[in-house]
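Residue strings, one per chain:
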Amino acid sequence: MVNLESPLKANSTASSRAHGPYEPPFYNFWHHLFTPDKVDQWGETVRVELPASPIDREALRGHYDDFEAAIAASIHTCDADVLGELLERQADFPKMWNRANEKAFTRLELLERQQDFLKMWNRANEKAFTRLAENGIFTSDTPSADWQTVHGLFPRGFNQLKIQNAYFPIIVKKTNAFVAEWSRFEPAHLVTGVNNWLACMTADAVIKAACNVDMDNIARRARGEPAHPILETFRRLGSINPALAKPWQVVGLANFLNPFYDTKAGQERMYSQLKGQLQGMVEQLIEQTRRGELGDTLLSSLISEKSPATGLYVRQSLLFSHFATLLVAGHETTANTMGFLMYHLSQNPKWEERLRAEIREVLGGRTKLAASDIPRLVVAEACFKEALRLHPPAGNVGRDAAHDTVLKGQYLVRRGQRISVNLVALHRQPRHWGGEFGDPNTFNPARFMPGAAEAAGRHPHAFKPFGFGVRACAGMQFAMWEAKTLIPMLYHNFTFRLVEKFMLRPSRKESFPSPSAEGLALYIYPAPGAPAAAAAAGFAATAATLDSIMPPAGEQPQLPKAGAVLFVTSTYNGEPPDNALRFAKWLPAAAAAAAAAGGAVEGLPFAVLGVGNSQWATYQAFPRLLDSCLAAAGGLRLAPVIEADTEAPGFADAAGECWGSLCPLLLAHFKVAAPSDSSAAAAAAASAPRLLLEAAGPATPPLTIREVLGQLRAYGRATGNAAADQAEGNGSTAAAAAAAPQGFPYDLLRVVSSEELQAPGSGRFTRHVDLELPQGMSYAPGDHLEVLPRNAPALVDSALELLQLTGHEAFWWTPSSQGAARGLSSLHPTANPSSSSPATNTNRTSNGPAAAENAASPAANSAADVLRLPVSSRDVLAWLVDLSALPPMRLVAALAAECPCPPEAAALQRMATEACYKEQVLGQQLTLLELLARHRSLLAAGLDLPRLAGLLPRLAPRYYSISSSPAGPAGPQRASITVALVEFSSPTGRLHRGAASGTIHGQQVGLYLAGTVRQLQSRFRLPPNPATPLIMVGPGTGVAPFMGFLQQRAAQQQAGAALGPAVLFFGCRTEQDFLYQQQLQAWQENGVLTDLQVAFSRLPGKKQGGKTYVQDLIAESAQQLWELLHGSGAYVYVCGDARRMAPDVRAAFEGVACGVGGLDAAAAAEWMREMRQQGRYLEDVWAS
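Residues numbered from 1 in each chain as written. Predicted model: local features only at pLDDT ≥ 70, side-chain atom pairs only at ≥ 80, totals over all residues. Heavy atoms only, no water.

Visitor: Which residues make up the overall build of the protein chain, and what values do they have?
Guide: A count of helical and extended segments in the protein chain gives 46 helices and 32 strands. Evaluated residue by residue, the protein chain yields a buried proportion of 54% over its 1184 residues. For the protein chain, contacts bridging at least 24 residues in sequence account for 76% of all contacts bridging at least 6. Put simply, the protein chain shows about 48,100 Å² of open surface, and 53% of that area lies on carbon and sulfur atoms. (Helix = DSSP H or I, 4+ residues; strand = E, 2+ residues; numbered from the N terminus. Buried < 20%, exposed > 50% of the residue type's maximum accessible area, 1.4 Å probe, protein only. Contact = heavy atoms within 4.5 Å. Areas by Shrake-Rupley, 256 points an atom, 1.4 Å probe, with all protein chains shown as cover.)

Visitor: Quick one: what's the story with the nonpolar core, residue by residue and with numbers?
Guide: In terms of nonpolar packing, the biggest core is built from 102 residues, with Trp-182, Met-342 and Leu-490 touching the most fellow members. With 13 residues, helix H10 (residues 194-211) is the largest single contributor of residues to this core. Of all hydrophobic cores here, the second largest spans 57 residues; its members include Val-708, Leu-788, Leu-929 and Leu-948. (Core = buried A, V, L, I, M, F, W, Y, C linked by side-chain atoms within 4.5 Å.)

Visitor: Would you mind going over the pattern of salt bridges in detail, with residue names and values included?
Guide: As enumerated under the stated definition, the model contains 35 salt bridges in all. Residue Glu-643 pairs with Arg-624 through a salt bridge whose shortest N-O separation is 2.8 Å. Taken together, the residues Glu-643 in strand E16 (residues 642-645) and Arg-624 in helix H26 (residues 621-632) connect sequence positions 19 residues apart. When its relative accessible area of 39% is taken as the criterion, Arg-624 is described as partly exposed. (Salt bridge = Lys/Arg side-chain N within 4 Å of Asp/Glu carboxyl O.)

Visitor: Requested: an account of the packing of aromatic side chains, with residues and values cited.
Guide: Tallying each qualifying case throughout the model produces 27 aromatic pairs. When the centroid spacing of 6.1 Å and the interplanar angle of 40° are considered together, the rings of Phe-567 and Phe-583 count as tilted. On the criterion of sequence distance, the pair formed by Phe-567 in strand E13 (residues 565-569) and Phe-583 in helix H25 (residues 581-592) is long-range, its members being 16 residues apart. For Phe-567, a relative accessible area of 3% corresponds to the buried category. Relative to Phe-1042, the ring of Phe-1020 lies with its centre 6.2 Å away and its plane at 35°, an arrangement referred to as tilted. With Phe-1020 in the loop between strand E27 (1008-1014) and strand E28 (1030-1033) and Phe-1042 in helix H41 (residues 1040-1054), this residue pair connects regions lying 22 residues apart in the sequence. Residue classification places Phe-1042 among the buried positions, given a relative accessible area of 0%. Counting every residue linked through ring pairs, the aromatic cluster contains Phe-178, Trp-182, Phe-185, Trp-197, Tyr-491, Phe-494 and Phe-496. Its end group placed over the ring of Phe-448, Arg-458 keeps NZ or CZ at 5.8 Å from the ring centre. Sitting over the ring of Trp-812, Arg-868 keeps its end group 4.6 Å from the ring centre. (Phe/Tyr/Trp six-rings, centres within 6.5 Å; stacked < 30°, edge-to-face > 60°. Lys NZ or Arg CZ within 6 Å of the ring centre and 35° of its normal.)

Visitor: Which residues make up the confidence of the model for the protein chain, and what values do they have?
Guide: Any segment with low pLDDT has predicted coordinates that should not be analysed in fine detail. Residue-level pLDDT values for the protein chain average 77, and 73% of them are 70 or greater. Predicted confidence is poor over residues 676-687, with pLDDT under 50, and the contacts of this stretch with residues over four places away or in other chains come to 12 contacts. (pLDDT = per-residue confidence, 0-100.)

Visitor: Can you explain unusual backbone geometry? Please cite residues and give values.
Guide: The backbone of Asp-216 sits at a positive phi, close to 60°, despite the residue not being glycine. Tracing the sequence through the fold places Asp-216 in the loop between H10 and helix H11 (217-222). Even without being glycine, Gln-925 reaches a positive phi, approximately 55°. Within the secondary structure, Gln-925 is located in the loop between helix H36 (914-922) and helix H37 (928-934). Classification of Gln-925 by relative accessible area gives partly exposed; the value is 34%.

Structural data, given as structure tokens:
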């Protein structure tokens, strides 16, 4: 113990201890006295001698025999063995405080001898609170009959059974109301006054539970109205308390500076008036309770029941004091702790995701928590306790000695001596909270996970956030149930990010009397896997890929046991999408075993939304197969397959309407009504941004796109390794293998050469581009190159001009795990979304000076982190959003609603009608940029870059068939593509230049494209036997994959392989656009290509008025082709336009089967179906 001998020195030193970087003095005492270096120097218990304040002297005079000895020392401790008063050391015993055995005072002894060490509310700082609560249960002295009487009744009102059966439904109802209000916020909305929001919820819950009065503060806060009069008055009292507030803050600066105004009297008068108003409202509530109007409540028991402890009734004059205590301890403390927890979770995404995974596992598809779920929320409890540890609501717990006594047989403690246990310091001592858990000043809920305390050998009294002994908080269990309900449900639905450069400051400026996180404000976003549209209709929804619900070694997918499932899927040439391959393999077995009871699909309500392009012959093939197999396996089909056609005009609006058609079916099936506010919430969900973007400060330098790619690749490697390690650590090598390839696949591809293939005068532009692949990237003939496109510079310039930006401004961009599956603007986690493991990914924010460093080197961060990267406004518009996109009709309607100019708003409203939309938007190919240029009042009203970027679709990658072979002359690290430039003028006069083709055509040799090799789930591959005959059909750039095939055959020929026949049907307009003419003819001469047939559609010929197409040449070669197909097992490959060419070619081959093979039309169609099923008729086609 440190003895500050001189009274003057002691006074100044103690004053400095109470002041410092924090507003609450107990944080400053910890900061100055109990950090590890100070504890090493002074020990865990110190005594500061200083003259008592006049208030203390007046309060204590006459109560103690040795008055000066009782009040001379202020003793502070963070020793887990101390919960009692310490001996006041006399000046003639200074050395004994330096002995180690004299530093320890037992907390256990204090608990056992509570009658000797009483809680007394008689110091100056405590008078601030007792001015309001007077002799309430929290503020009265332990020896008083009033405290003993109410203490016999109060805890019964908050016992576990009462909370579980009576209060938990109230907590759930208030939680749902809170979540519903926050669901109205648009993504990336800044929620200010977070502590106030949380206090509204906790006040509503505790007053409804204790008094059966619904204050409705959550809805009042949402409407921008003042809180309930009782709560509003209480808050004002806390803000003007004369013991805490500065006089000028209460009476106003003008009155404070007026020499004729009695500031102290004015402050007291205002305080007394407000307190009288609050007393009047509480007395009215008490009378309602007394008359039985509010039912059987805690308040009614305080009014009408005798205390089992004393046999006395609670004095009526003290009912207000107990109610005031309920307001303070019952809602502010819990709300403030939850605010601190939300801050720490925003800084610790790993724990946020663990919390989210736990609540989803516990819910198991349900929408609401049950009381039986609360004990299972161990992560939620650990997180809340960790916030309590770091930020205890009461920073000091004090006890007074009732009489002179001796501790441990040697330490004399005088009657009236006070000891303060500093809980901030106690909860941060390294010997209790460090070690394997790291720095005790950091957030790590692992300290409170089951078994952690026992394994660490933690002192049983190292954690006392709710007080201790008979004065422990009676409502601690209620607070825990509130936190374990609200916090998990918030993170089930949302994720949050701090404002940039937010600094945590515990303060009492916004709360009374416990400190809160001053100025806490959070950006709100939908939680990963929580679709906003479903939530808007009242459903608790999660999302996952089909393969992610397939266990590594099991047969049954992990489909929910309750609720319904909406399957949203596309198809590729009739095959399932990449992330549904394992699920698709399971489907036929599930349908075949439908008779078996207990299958994963048995009785499961489901619906299928298929997304496809009707130009393909395989349109909706997998969605329809999925629907039929699910029904055959025992699923309960809610509706026929809902088919969305990307080829149809207004696809975005049609796809949005699909949910609208399905939602009523779900509500009807579960026999529930839509929430009254669902339309507003649905509107908010519809306006959810597709890109998470916010302005950065001028001191933040933007990254180059090359640096951005590097950041994302580093992150992809980190998350991929983490997922694989996690799966392997769980004993699943299959899962590890499945996890490893994920991440961010794109890299820089150097342009080695770029050659124009069209002859001068053709009117078209097609380039052969050779690219150098980075190490580790490989391909096979038939693969595609996935290229990240970039909007044309002229388009970007026009967007910058509209937004009045220079192009150099920095914006923070958060790559999202939702939305587009591919492209620069999406970054998907690799871990199994259905897993409750802590290694799944979540958003992470870096604030303050470290933010730029984190942006510059994300690979050093945890694999669970999601990046925020500073990107220039020019690069945002060039790389991340599709500036050529047409606005959906619902977006035009939304813009009309917020347009501030009446004439422009009326024009937009007309444009949002079906007829005008088809004419003015679809017919004119009117982009969103063009629409804004015509209605500039929207820009003046605040439509900035983050909002614009959120409205536009992400810029999707483009796929090009690779036109080379790794066995070709250039080697395996070179790949080529064949790219035709897309360029035309729209009806509005806008020059449209394809984002990808324009980027490729405009890139100089020696510079780079961004992309990757994409191995699509297709059988478009050469047959394993080079002797198998090939029939290839590829007009225009459709010849590209066959150039790779023929390069491969040339290498096989050079290696001595015997090649089978290879026929190529190529189509072009004239000799000027005969692509690869010399190379194809050379291959024909050396036998790599046995037959080259070219259809010229613009030369005089025999067919169709001088036009010849590839299907015409197929019909002319029917005999030769049938011999190859029927007699030699030839493979047919078709590449090109899906709208006209592919169907015509299929019809031509069926004609061969009819004309030469002798089949009728039906048999020819069946023959074609079998060819496709066997993988001998393969298409790689695209929409025109």
